[in-house]
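The chain contents come next:
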Amino acid sequence: MPLSGIRVLELGQLIAGPFAGQLLGQFGAEVIKVEPPKIGDPLRVWRELDVDGTSPWFRSIARNKKSVAIDLRKPEGRQLVKKLAIKSDVILENFKPGTLEKWSLGPADLHPHNPSLIFTRVSGYGQTGPWSQRPGYASVCEAESGFRYINGYPDAQTGRLSGAPVRPNISLGDSVAGLHAAFGTVLALLSRQRQVANGSSQVTGKTVDVSIVESMLNLMEGIIPEYDRKGKIRGPSGSSVTGIVPTNAYPCRADSLTQTTPEYIVIGGNGDTIYNRFMAAIDRPDLIGPDYKHNQHRVARQEEIELAISAWTSQRTADEVIDAMNKAGVPVGRVVTVKEVVENEQVLSRGAVKDVPVKDWKVKMQGTFPVLEGVNSQPTWAGPDLGYHTDQVLSEDLNLTEEEINQLRKDAIIG
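Here the structure is a predicted model, which means the values were calculated and not measured.

Participant: Hey, could you run me through a nonpolar patch on the surface in this one?
Facilitator: Together, F183, V186, L187 and L190 give the surface a local cluster of nonpolar side chains, amounting to about 370 Å² of exposed area. Mapped onto the elements of the fold, F183 is located in helix α7 (residues 172-197). Taking relative accessible area as the criterion, F183 reaches 54% and is therefore assigned exposed.

Participant: What exactly am I supposed to notice about the packing of aromatic side chains here?
Facilitator: The description of two aromatic rings rests on the distance between their centres and on the angle between their planes. In the structure shown here, the tally under the stated rule is 3 aromatic pairs. Taken together, a centroid distance of 6.3 Å and an interplanar angle of 50° make the contact between W46 and W57 tilted. Residue W46 is found in the loop between β2 (30-35) and α2 (56-61), and its partner W57 is found in helix α2; the two are separated by 11 residues along the sequence. On the basis of relative accessible area, W46 is assigned to the partly exposed category, the value being 32%. According to the relative accessible area criterion, W57 is partly exposed, its value standing at 25%.

Participant: What is the right way to read the pairing of strand β10 (residues 353-358) from this model?
Facilitator: In summary, the side chains of a regular strand alternate between the two faces of the sheet. Only one face of β10 is buried, namely the one carrying K354, V356 and V358, since none of V353, D355 and P357 on the opposite face is buried. Bridging between β10 and strand β11 (residues 361-366) involves 6 bridges; their strand directions are antiparallel. Residue V358 lies in a different strand from β11, and its bridge partner there is W361.

Participant: I'm lost on the pairing of strand β4 (residues 90-93) in this one. Help?
Facilitator: The alternating pattern of β4 places V90 and L92 on one face and I91 and E93 on the opposite face, and all of these are buried. One ladder, built from 3 bridges, connects strand β1 (residues 7-10) with β4; its direction is parallel. Among the inter-strand pairings, E10 is bridged to a residue of β4, identified as L92. Summarising the sheet, β4 and strand β5 (residues 118-123) pair through 4 bridges and their orientation is parallel. Its bridge partner being in β5, V90 is matched across the sheet by I118.

Rules used throughout
Residues numbered from 1 in each chain as written. Predicted model: local features only at pLDDT ≥ 70, side-chain atom pairs only at ≥ 80, totals over all residues. Heavy atoms only, no water. Patch = residues over 30% accessible without salt bridge, like charges linked within 9 Å, V, L, I, M, F, W, Y side chains within 5 Å. Areas by Shrake-Rupley, 256 points an atom, 1.4 Å probe, with all protein chains shown as cover. Salt bridge = Lys/Arg side-chain N within 4 Å of Asp/Glu carboxyl O. Helix = DSSP H or I, 4+ residues; strand = E, 2+ residues; numbered from the N terminus. Buried < 20%, exposed > 50% of the residue type's maximum accessible area, 1.4 Å probe, protein only. Phe/Tyr/Trp six-rings, centres within 6.5 Å; stacked < 30°, edge-to-face > 60°. Pairing = 2+ DSSP bridges.

In structure tokens:
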């Protein structure tokens, strides 16, 4: 595995930090997740709960991790974590900036004992700047990044956001920040490896500073340069996307008498040659030619093109539309629920959803992507029960005796 031999000490909770830990653990890193005794990571009881009272989501995001229950509020608990950090390659955390320093677990405290230790730090606004001390959940950071403004429906007169922005029904900012944290951690590991290869006398671990706002900014494509050079403030565009035509969600005819709402399919016909095939497939040769040749021409005629497509799709079932588009070589997809996803032949063929044992049942979860040649993406185990590995880690990694561990548990330092 690419990250075999790398030890990550995960001190974060909920989504952003733990998602980064999930990615690193799936590719071979040993991830030791430190959780507060008795209650654990709050995500353990978020949303739907399984028969044992634990969230299936937690079983997924904590896959391949070792759960160690240590009370960081107590000096003795922080001392245990410090000893683990000295033997680790990476500390992964998503507390408010300054929290590790308050606990004497920051870079200045640990680098004298482990100079090569990498700190991957996820927060709302970053470790520096006038907003660094603000609490920053993903929802708020999505708004402050400009992302929420471009999601929703435009005002007919101004083109600006009409009403409340539409939120994707996931914590997108957290997951995007987690991706950046995992990527940054790997870059820091490569930098450290290069220092060793170059014979550096002092190998120093870097700090990876991940801001949720900045992670979302990385998704914003040309919005900032377009504003800078043209003064253009991009607004929302409903189910289409500004400046690319045609790509949209189109209504289809109901395929049964009991279906009362239209089914939608998404068609991406915005490539120049794809567009010509698209128009031929819907019998609209009048929309092919010099006036429609390139994307900029079609943007100027978006309403005309979209009305023609919707008129065609609305007279056909989704299956009929998909069949016609596939024959024409036009990208098309049905808007589906999770039920259709886990039953999809392509998803099943690729093994993109995994069955992972949990006690005497199994839970389905997404695989970890990308697919890397020669790397098995099957999770070794699902997220463990709280403190499942506490004794193992303390005895094997810190050489504590059974008596010492029992005393720590009696003193409520560990769970």
